[in-house]
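Listed below, chain by chain, are the residues.
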Amino acid sequence: MSHDGALPLNSLGFAKAPQDTRVVVAMSGGVDSSVVAAQLAEEGYDVIGVTLQLYDHGAALAKKGACCAGRDIHDARRVAEEMGFPHYVLDYENVFKDAVIDEFADSYLAGATPVPCIRCNERVKFKDLLETAKDLDADCMATGHYIQRVMGTNGPELHSAADANRDQSYFLFSTKPEQLDYLRFPLGHLPSKDATRALAAKYGLSVADKPDSQDICFVPNGNYAQVIEKLRPGAADPGDIVDPEGRVLGSHNGVIHYTIGQRRGLGIGGLADPLYVVKLDVDKKQVVVGPKDMLATRKIPVREINWLGDEPFTSRDEWHVMVRVRSTRPPRDAIIRPISDTEAEVELFVAEEGVSPGQACVFYDSDSPRIFGGGWIWRGY
């Protein structure tokens, strides 16, 4: 067949008609993924909606109706019915517990504010769910994440979302190139969340006015302590508040109630300089406090690096990039010095406070919205 007659690329990047293109949409029951599914269905794609049952909320908190997993599944199913495409619920509870929840508890107790959503994307959605999509003979899988996949000279690149306020690049840095080949993010180019809600209204979706979820899905109301106490009972035991030399300054009712960088509520008065929590030692049941300058970090050991640059990570001694060490902070100038394909030392031009093990360190291009991957901050010993 002559190339002249070839079909142009459709909106998902395939040279065939939408009805001949099967796409699995990961549906959480929220507005974002519902709009993706509805839009693709309206464009005529062969859409299959899939929602993951990740854990039993009632059992997790020993009380019924603690959360909204049931409602989310119901909402996703309703969108599928409204738009006329099939919808499946997959039980991934065991995978989720092993791949996400246990590490969340360990990371929290190491003094990090854990980001389980990254591990869930990496180990559940973009691994097991992606395999399931391939088993269903789908050409690609689409999600409601706010991030952009841009075709570059060396294949697809990961770029920040058009709307900086909604950008989810911090949670998606560990996406591998071969996963990026298969994934699509139709919302990444939208200017704002209002644009998404306008689309939801246009498609007449029942979830158009559903509020955004702010919490980690298995931590209702943001109550970390309650969840950790269930997962790691020892963390709620009382112990000592000590200075960096180990001198006892006071007592606490469980390291679980403290976070690195915290200043208030330590119950230690009468000291000339304010003290901050600088370390949590679960084994010794100690909360270590010290002066503010102990919180500032310029050199950060990073491992488990996923590199998305065009040249090999170790092909240079130094990469001059921007890095983000918390999802809530803007990227800052830094130098990455590779140690191996997956390990490096990151040096910040200006020291940052509250850099903790268990957080991600995500790499950004200084001159473009491109993301060069990232890794996990650890203690470095």
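It should be noted that the structure appears before, not after, this text.
Residues numbered from 1 in each chain as written. Predicted model: local features only at pLDDT ≥ 70, side-chain atom pairs only at ≥ 80, totals over all residues. Heavy atoms only, no water.

**Student:** Before we move on, could you go through the overall build of the protein and cite the residues and values that matter?
**Tutor:** Summing up its helical and strand segments, the protein has eight helices and 17 strands in all. The C-alpha radius of gyration computed for the protein amounts to 23 Å, which stays within 12% of the reference 21 Å derived for 381 residues, consistent with globular compactness. Across its three principal axes, the protein shows a C-alpha extent of roughly 80 × 55 × 35 Å. Taking all 381 residues of the protein together, 49% fall into the buried category. Summing over all exposed atoms, the protein offers an accessible surface of approximately 18,000 Å²; the carbon and sulfur share of this is 49%. With 41 positive and 55 negative side-chain charges, the protein shows a spacing of 5 Å between the two charge centroids. (Helix = DSSP H or I, 4+ residues; strand = E, 2+ residues; numbered from the N terminus. Rg over C-alpha atoms; globule rule 2.2 N^0.38 Å. Buried < 20%, exposed > 50% of the residue type's maximum accessible area, 1.4 Å probe, protein only. Areas by Shrake-Rupley, 256 points an atom, 1.4 Å probe, with all protein chains shown as cover. Lys, Arg positive; Asp, Glu negative; His and termini not counted. Charge placed at Lys NZ, Arg CZ, Asp CG, Glu CD.)

**Student:** Describe the nonpolar core, and please don't skip the residues or the numbers.
**Tutor:** Grouped together as the largest cluster of nonpolar side chains are 66 residues, with contacts concentrated most on F96, V124 and F218. When residues of this core are assigned to their parent elements, the largest contribution, eight residues, is made by helix α4 (residues 93-109). Not counting chain neighbours up to four residues away, the residues in contact with V124 comprise L52, L54, Y92, V95, F96, A99, V100, R119 and L129. Among the nonpolar cores identified, the runner-up in size contains 30 residues, and V36, A76, A80 and A200 belong to it. (Core = buried A, V, L, I, M, F, W, Y, C linked by side-chain atoms within 4.5 Å. Contact = heavy atoms within 4.5 Å.)

**Student:** Got a sec to walk through the pairing of strand β1 (residues 22-26)? Specific residues and values, please.
**Tutor:** Most of β1 is tucked away, with four of its five residues classed as buried. Alignment of β1 against strand β2 (residues 46-53), held across five bridges, turns out to be parallel. Residue R22 lies in a different strand from β2, and its bridge partner there is D46. Crossover connection from β1 via helix α1 (residues 31-42) to parallel β2: handedness right-handed. Direction of pairing for β1 relative to strand β4 (residues 140-142): parallel, over a ladder of three bridges. From the neighbouring strand, V24 faces β4, where its bridge partner is M141. (Pairing = 2+ DSSP bridges. Right-handed = clockwise from strand over helix to strand, strands pointing away.)

**Student:** Got a sec to walk through the packing of aromatic side chains? Specific residues and values, please.
**Tutor:** Counted under the stated rule, the structure contains eleven aromatic pairs. Arranged with centres 5.7 Å apart and planes meeting at 85°, the rings of Y170 and F171 form a pair that is edge-to-face. Between W307 and F363, the aromatic rings sit 6.4 Å apart at their centres with planes inclined by 55°, giving tilted as the arrangement. Of this pair, W307 sits in strand β12 (residues 296-307) while F363 sits in strand β16 (residues 360-364), and the two are 56 residues apart along the sequence. In this structure F363 comes out as buried when scored by relative accessible area, which is 0%. For K134, the ring lying beneath its charged end belongs to Y182, and the centroid distance is 5.0 Å. In this structure, R166 is placed above the aromatic ring of Y146, and the distance from its NZ or CZ to the ring centre is 4.9 Å. (Phe/Tyr/Trp six-rings, centres within 6.5 Å; stacked < 30°, edge-to-face > 60°. Lys NZ or Arg CZ within 6 Å of the ring centre and 35° of its normal.)

**Student:** Can you break down the environment of V346 residue by residue, with the values?
**Tutor:** For V346, the location among the structural elements is in strand β15 (residues 344-353). It is 21 Å that separates the C-alpha atoms of V346 and H159, two residues lying 187 residues apart in sequence. Among all residues touching V346, those that are not within four sequence positions of it are R298, K299, I300, V302, V323, A334, I335, I336, C361 and F363.

**Student:** Describe the sheet that holds strand β11 (residues 286-290), listing the residues and the values that go with them.
**Tutor:** One open sheet holds the four strands; their spatial order is β9-β8-β11-β10, and the pairing between them is mixed. A strand with exactly one partner marks an edge of an open sheet, and here the two such strands are β9 (248-252) and β10 (276-281). Across the sheet, the axes of successive neighbouring strands diverge by a mean angle of 30°, strand direction being ignored. The sheet contact formed by β10 and β11 spans five bridges and is antiparallel. Paired with V277 across the strands is V289, a residue of β11. (Axes fitted to C-alpha atoms, helices over the stretch in contact; angles between N-to-C directions.)

**Student:** So what's going on with the packing of α1 against helix α7 (residues 193-202)? Residues and values would help.
**Tutor:** At their nearest, the axes of α1 and α7 sit 9 Å apart, and the two run at 55° to each other. On the basis of the axis angle, α1 is oblique to α7. As α1 runs across α7, the sense of the crossing is left-handed. In contact with V31, D32, V35, Q39 and E42 of α1, α7 contributes K193, T196, R197, L199, A200 and K202. (Parallel < 35°, antiparallel > 145°, perpendicular 65-115°, else oblique. Left-handed = near helix turned anticlockwise from the far one by under 90°.)

**Student:** Now, about the pattern of salt bridges: what can you tell me, with residues and values included?
**Tutor:** Applying the stated criterion across every chain, the model contains 32 salt bridges. One salt bridge connects K193 with D32, and the closest N-O pair in it is separated by 2.8 Å. Separated by 161 residues along the polypeptide, K193 in helix α7 and D32 in helix α1 bring together distant segments of the chain. Judged by its relative accessible area of 16%, D32 falls in the buried class. (Salt bridge = Lys/Arg side-chain N within 4 Å of Asp/Glu carboxyl O.)

**Student:** Explain the sheet that holds β15 residue by residue, including any values.
**Tutor:** Spatially, β12-β15-β14-β13-β16-β17 is the arrangement adopted by the six strands of the closed barrel, whose pairing is antiparallel. On average, each strand axis in the sheet is inclined to that of its neighbour by 45°, with strand direction left out of account. Alignment of β16 against strand β17 (residues 371-377), held across four bridges, turns out to be antiparallel. For C361, the partnering residue across the bridge sits in β17 and is G375.

**Student:** A description of the packing of α4 against helix α8 (residues 224-231) should follow, citing residues and the corresponding values.
**Tutor:** Two elements in contact, α4 and α8, have axes whose closest approach is 10 Å; the angle formed by their N-to-C orientations is 110°. On the basis of the axis angle, α4 is roughly perpendicular to α8. Read as a crossing pair, α4 and α8 show a hand that is left-handed. Touching I101, F104, A105, Y108 and L109 of α4 are Y224, V227, I228 and L231, all from α8. Classifying every residue of the contact of α4 with α8 gives nine nonpolar, no polar and no charged. (Nonpolar A, V, L, I, M, F, W, Y, C, P; charged D, E, K, R; others polar.)

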